[in-house]
Amino acid sequence: MKRRMRYAALFLAGAIQLSSMLGGAKIAFSENLTGAAESSTSESRTGIVSAASPSDSASANLSGLQPDSDSAAIGDLINSQYAVVYDLDRGRIIADKNSSEVINPASMTKVMTLLVCAEHLPDLDKRLTVTQDIVDYVHAHDASNCGLEAGEQISARDLLYGVILPSGADAVMLLSREIAGSEAAFVGLMNQKAQELGLSSGAHFSNATGLYDPNHHMTVKDTAEILNAAMKNPTARTVLESFEYSIPATNKHAAGIRLSNLFLKRIKGQDTGRVSVTAAKTGYVRQSMFCAVSSGVSESGKHYLVVSGFASSTWQCIADQAALYRSYCR
């Protein structure tokens, strides 16, 4: 009898210990699930961040970051006079060259234009009509354009691709008027967004196209933060990552209009090391020469962002960007 009572006591103690162990395992498993859910939510919310869930530092404002003791001085590696390379997962500058100097961003401006449009267009399927004064404006300024004609009806969604892929000033003008009533009012929204993003005191927009204006300027680090923010917007990100886009038939173009991001196509043939460049916007005015802002993902899943400015030619700008990815990104 005593032996049976002793066995029963031992069995009960073992059961209690096992229950405690299982309870602890259940709690730990639940915490792991919560962590995974938070990482997934963070990824879908921020867009540009890694599927591997980078550290919180990756959300730092890129325009305010400074090179640290481990950051490389780019120097004569590239022809461009201004440049910055970011490790987005770690939230730090890998390399820089005059990255705090104020420049004219040229058509890199249109990344902000795209972002503001994406945030203010309630109906992307709404069809807008091109006016003659928009066509005249494009021709008068010899601005890059989509080839839209007066009286052409085209959806807001198609115009977003027109803003980035061919850098269309006609698309910019039509969208800015739809959203704010005028380009000037739209520029007010751009400067408001610049404040929200915490850009430097050197960041100021005077137009939505990137045409030269002495009061239209920012640093390459400001440009980086704008792309960083745009890549967190699903609509803007889809546009920026598109190599090609076909606008369906319109009342003025029966065969539609084929748009291409030539930078993404051309840099694909360059040696970028272990990085694939996934999104980009270029720019050119005489005062800023050839510039580009882009982002890329390495074979190991790391995320990078590169801005360069004042290269001597289109192909030199592409070669400089490739060299920066190849030299500093792993």
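Here goes a summary of the coordinates provided. (Residues numbered from 1 in each chain as written. Predicted model: local features only at pLDDT ≥ 70, side-chain atom pairs only at ≥ 80, totals over all residues. Heavy atoms only, no water.)

A word on the overall build of the protein chain. If you tally the helices and strands in the protein chain, you get ten helices and twelve strands. Looking at the 330 residues of the protein chain, the share that counts as buried comes to 48%. Taking the intrachain contacts of the protein chain between residues at least 6 apart in sequence as the baseline, contacts between residues at least 24 apart amount to 64%. (Helix = DSSP H or I, 4+ residues; strand = E, 2+ residues; numbered from the N terminus. Buried < 20%, exposed > 50% of the residue type's maximum accessible area, 1.4 Å probe, protein only. Contact = heavy atoms within 4.5 Å.)

Now for the side chain of Lys193. By secondary structure assignment, the location of Lys193 is in helix α6 (residues 183–197). Here Lys193 is in contact with Met112, Leu115, Val116 and Glu119, once residues within four sequence places are set aside.

Right, let's talk about the sheet that holds strand β3 (residues 92–97) for a bit. An order of β1-β3-β2-β12-β11-β10 is seen for the six strands of this open sheet, with the pairing classed as mixed. The sheet is open, and its two borders are formed by β1 (72–73) and β10 (275–285), each paired with just one other strand. Bridge count for strand β2 (residues 82–87) against strand β12 (residues 303–311) is six bridges, and the pairing is antiparallel. Among the inter-strand pairings, Tyr82 is bridged to a residue of β12, identified as Gly309. (Pairing = 2+ DSSP bridges.)

So, about the pairing of strand β9 (residues 257–260). Burial of β9 is one-sided: the residues Ile257 and Leu259 facing one way are buried, the residues Arg258 and Ser260 facing the other way are not. Where strand β8 (residues 244–247) meets β9, four bridges bridge the pair, whose relative direction is antiparallel. By the bridge assignment for β9, Glu244 is matched with Ser260.

The next thing to look at is the nonpolar core. In terms of nonpolar packing, the biggest core is built from 69 residues, with Tyr86, Met112, Leu175, Leu240 and Leu305 touching the most fellow members. Among the elements that make up this core, the one with the highest residue count is helix α2 (residues 110–120) (seven residues). Ala280, Ala292, Tyr325 and Cys329 belong to the second-largest nonpolar core, a separate cluster that totals 24 residues. (Core = buried A, V, L, I, M, F, W, Y, C linked by side-chain atoms within 4.5 Å.)

Let's shift gears to the packing of α2 against helix α4 (residues 156–164). Put simply, α2 and α4 touch, their axes get as near as 9 Å, and they point 165° apart. One finds that α2 runs roughly antiparallel with respect to α4. Two packed elements cross with a definite hand, and for α2 against α4 that hand is left-handed. For the pair α2 and α4, contact is made by Lys110, Val111, Thr113, Leu114 and Cys117 and by Leu160, Val163 and Ile164, respectively. A breakdown of the residues in the contact of α2 with α4 according to their chemical character gives six nonpolar, one polar and one charged. (Axes fitted to C-alpha atoms, helices over the stretch in contact; angles between N-to-C directions. Parallel < 35°, antiparallel > 145°, perpendicular 65-115°, else oblique. Left-handed = near helix turned anticlockwise from the far one by under 90°. Nonpolar A, V, L, I, M, F, W, Y, C, P; charged D, E, K, R; others polar.)

Applying the stated criterion across every chain, the model contains nine salt bridges. Here Asp68 and Arg92 are joined by a salt bridge, their closest N and O atoms 3.0 Å apart. Taken together, the positions of Asp68 in the loop between α1 (2–46) and β1 and Arg92 in strand β3 put the pair 24 residues apart, joining distant regions of the chain. According to the relative accessible area criterion, Asp68 is partly exposed, its value standing at 35%. Overall, Arg92 belongs to the buried group, its relative accessible area being 14%. Close ionic contact of Arg177 with Asp133 constitutes a salt bridge, the shortest N to O distance being 2.7 Å. (Salt bridge = Lys/Arg side-chain N within 4 Å of Asp/Glu carboxyl O.)

Attention shifts here to unusual backbone geometry. Phi angles above zero are rare outside glycine, and Asn98 is one such case at about 55°. For Met289, which is not glycine, the phi dihedral falls at a positive 55°. With respect to the helices and strands, the residue Met289 is situated in strand β11 (residues 289–298).

Before going further, it helps to spend a moment on the packing of α2 against helix α7 (residues 220–230). Direction vectors running N to C along α2 and α7 enclose 30°, while the axes themselves pass 9 Å from each other. The angle between α2 and α7 falls in the class roughly parallel. Taken as a pair, α2 and α7 cross one another with a handedness that is left-handed. Across the interface between the two elements, Val111, Met112 and Leu115 from α2 touch Ile226, Leu227, Ala229 and Ala230 from α7. Class assignment of the residues belonging to the contact of α2 with α7 gives a composition of seven nonpolar, no polar and no charged.

The final tally for this structure, using the stated rule, is zero disulfides. Of all cysteine sulfurs in the structure, the one in Cys317 sits closest to Cys291, which takes part in no disulfide; the separation is 6.6 Å. Relative accessible area serves as the criterion here: at 1%, Cys291 is assigned to the buried category. (Disulfide = S-S within 2.5 Å.)

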